[in-house]
Amino acid sequence: MTRILLGCIVGKVSSKVVTCFRALLDFIYIAQYASHNDVTLQYLEDALDLYQHNKDILTDPKLALRTHLNLPKFHAMVHYTQSICAFGTTDNYNTEMFKHFHIDLAKEGWRASNFRNELPQMMHWLERQEKVAMFETYLDHFEGEQDSAVAAAADIHDSTPPRVIVPTKPAHVNQTLASIQKNHHCPSFSRQLRIYLNSLLNKADSLPRANISSAFLPFDKVNVWHSFKFGRNVLGNNLESTEEKDWVRAKPARQQGLGGERFDTVVVSHTDEAQNTGMKGMKVGRLRVIFTLPEMIGNWYSAPCTWSTTGHLAYVEWYKVSTQAEYV
């Protein structure tokens, strides 16, 4: 569209303006080449020199287009040839990072102000966001140190490599089921929990499946963990007799809409046919919640004895794996 408009201004403005815009368009198109050599880079430099020689017409008071051209994008043109030589053609990088910073540091800050004398408010808001981000980094580091300490203690007390290592303290104590369903993106968590608890009952006491959805849950809070660790050698990968462990995480974002959440994909042995290689007997899903059932129901009643033997539980959303190959 721009090259079409260039033809429209011929005869409408001075030839110096047309030359300036033509040089700018030449620079833009040459800079987008998928490959460069010394010849094309010289074309780029020639277009830049022609633009620099004629750009003063754009700040001419008679035209009243602009009072200055002190813009970052215009200055960046000087460094294009050097950047292409150092980092490759321009299809290998872009300016999306600066666009993202503009959204986070300018637009969000402006929306958080009262739109009057907004600049000091935006600076204060940005300072607070940076402090929160620094504190979140500290918390992540602190939680990682705690988890490592728990894993080290488990190794000291038990010479046999444990299958699963879970941090001693939960990430959230008594988290409500409603907040779990919202923050962990699992709206069916309560329903599946009812189905699981019903399976722990004797056959005479269990409810028909049609009535489970409306059954009463005797609690509305559970302890939630965000990660656990398992030894890789239990999967048959211990080739060098070295203990290696891997993390599995089900961690929601600290604040809604700010990202940072992580719900890992897991491969679970589902039947006795499961082997270390291949997918036979395996199921693939996304880990959503790691939790334990409460030891007390309300303030007075102990939980059923069958609950105490369950240990840590995981809520996994299974993927639907197609049985037919798809050719693209």
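An account of the accompanying structure is given in this report. As the structure is a computational prediction, the values presented were derived from the model and not from experiment.

A few words now on the overall build of the protein. When helices and strands are tallied, the protein shows 11 helices and 11 strands. In the protein, which comprises 328 residues, the share counted as buried stands at 26%. Pairs at least 24 apart in sequence give 55% of the contacts found in the protein among residues at least 6 apart.

Our next topic: the packing of helix H2 (residues 15-31) against helix H3 (residues 38-54). Where H2 contacts H3, the axes come no closer than 8 Å and their chain directions differ by 150 degrees. Classified by the angle between their axes, H2 and H3 sit roughly antiparallel to one another. You can see that H2 and H3 cross each other, and the crossing is left-handed. Of the residues in H3, those in contact with Lys16, Thr19, Cys20, Arg22, Ala23, Leu24, Asp26, Phe27, Ile30 and Ala31 of H2 are Thr40, Tyr43, Leu44, Ala47, Leu48, Leu50, Tyr51, His53 and Asn54. Each residue belonging to the contact of H2 with H3 can be placed in one class, and the counts come to 12 nonpolar, 4 polar and 3 charged.

So, about the packing of aromatic side chains. Evaluation of the coordinates by the stated rule reveals 6 aromatic pairs. Ring geometry for phenylalanine 189 against tyrosine 315: centres 5.4 Å apart, planes inclined by 90 degrees, an arrangement best described as edge-to-face. Taken together, the residues span a long stretch of sequence, with phenylalanine 189 in helix H9 (residues 189-199) and tyrosine 315 in strand E11 (residues 313-318) at a distance of 126 residues. By relative accessible area, tyrosine 315 is classed as buried at 11%. Site record: aromatic cluster; members linked through ring pairs are Phe189, Phe291 and Tyr315.

Looking now at the packing of H3 against helix H5 (residues 80-87). Helix-helix packing: each pair is described by the crossing angle between the helix axes and the interaxial distance. Packing of H3 against H5 leaves a shortest axis separation of 10 Å and a crossing angle of 155 degrees. Here H3 lies roughly antiparallel to H5, going by the angle between them. Taking contact as the criterion, the partners of Leu41, Leu44 and Glu45 in H3 are, on H5, Tyr80, Thr81, Ile84 and Cys85.

Right, let's talk about the pattern of salt bridges for a bit. In total, this model carries 6 salt bridges according to the counting rule given. Put simply, arginine 262 and aspartate 264 hold a salt bridge, and the shortest N to O gap is 2.7 Å. Look at arginine 262 and you get partly exposed, because its relative accessible area is 39%. Classification of aspartate 264 by relative accessible area gives buried; the value is 14%. Ionic pairing is found between arginine 288 and glutamate 317, a salt bridge with its closest N-O pair at 3.2 Å. Of the two residues, arginine 288 is situated in strand E8 (residues 282-292) and glutamate 317 in strand E11; the sequence distance between them amounts to 29 residues.

This part is about the nonpolar core. Core analysis: the largest hydrophobic core is formed by 18 residues, its most contacted members being Ile180, Phe189, Leu193, Phe219, Val289, Phe291 and Leu293. Those elements giving two or more residues to this core turn out to be helix H8 (177-183), H9, strand E3 (221-225), E8 and E11. When residues of this core are assigned to their parent elements, the largest contribution, 3 residues, is made by H9. Other than its neighbours up to four places away in sequence, phenylalanine 219 contacts Leu177, Leu193, Leu197, Leu293, Pro294 and Trp307. Judged by nonpolar contacts, the second largest core, of 17 residues, contains Leu24, Ile30, Ala31 and Leu48.

Strand order across the open sheet formed by 4 strands is E1-E4-E5-E6, with antiparallel pairing between neighbours. What marks the edges here is a single partner per strand, and that holds for strand E1 (164-165) and strand E6 (262-263).

Conventions we followed
Residues numbered from 1 in each chain as written. Predicted model: local features only at pLDDT ≥ 70, side-chain atom pairs only at ≥ 80, totals over all residues. Heavy atoms only, no water. Helix = DSSP H or I, 4+ residues; strand = E, 2+ residues; numbered from the N terminus. Buried < 20%, exposed > 50% of the residue type's maximum accessible area, 1.4 Å probe, protein only. Contact = heavy atoms within 4.5 Å. Axes fitted to C-alpha atoms, helices over the stretch in contact; angles between N-to-C directions. Parallel < 35°, antiparallel > 145°, perpendicular 65-115°, else oblique. Left-handed = near helix turned anticlockwise from the far one by under 90°. Nonpolar A, V, L, I, M, F, W, Y, C, P; charged D, E, K, R; others polar. Phe/Tyr/Trp six-rings, centres within 6.5 Å; stacked < 30°, edge-to-face > 60°. Salt bridge = Lys/Arg side-chain N within 4 Å of Asp/Glu carboxyl O. Core = buried A, V, L, I, M, F, W, Y, C linked by side-chain atoms within 4.5 Å. Pairing = 2+ DSSP bridges.

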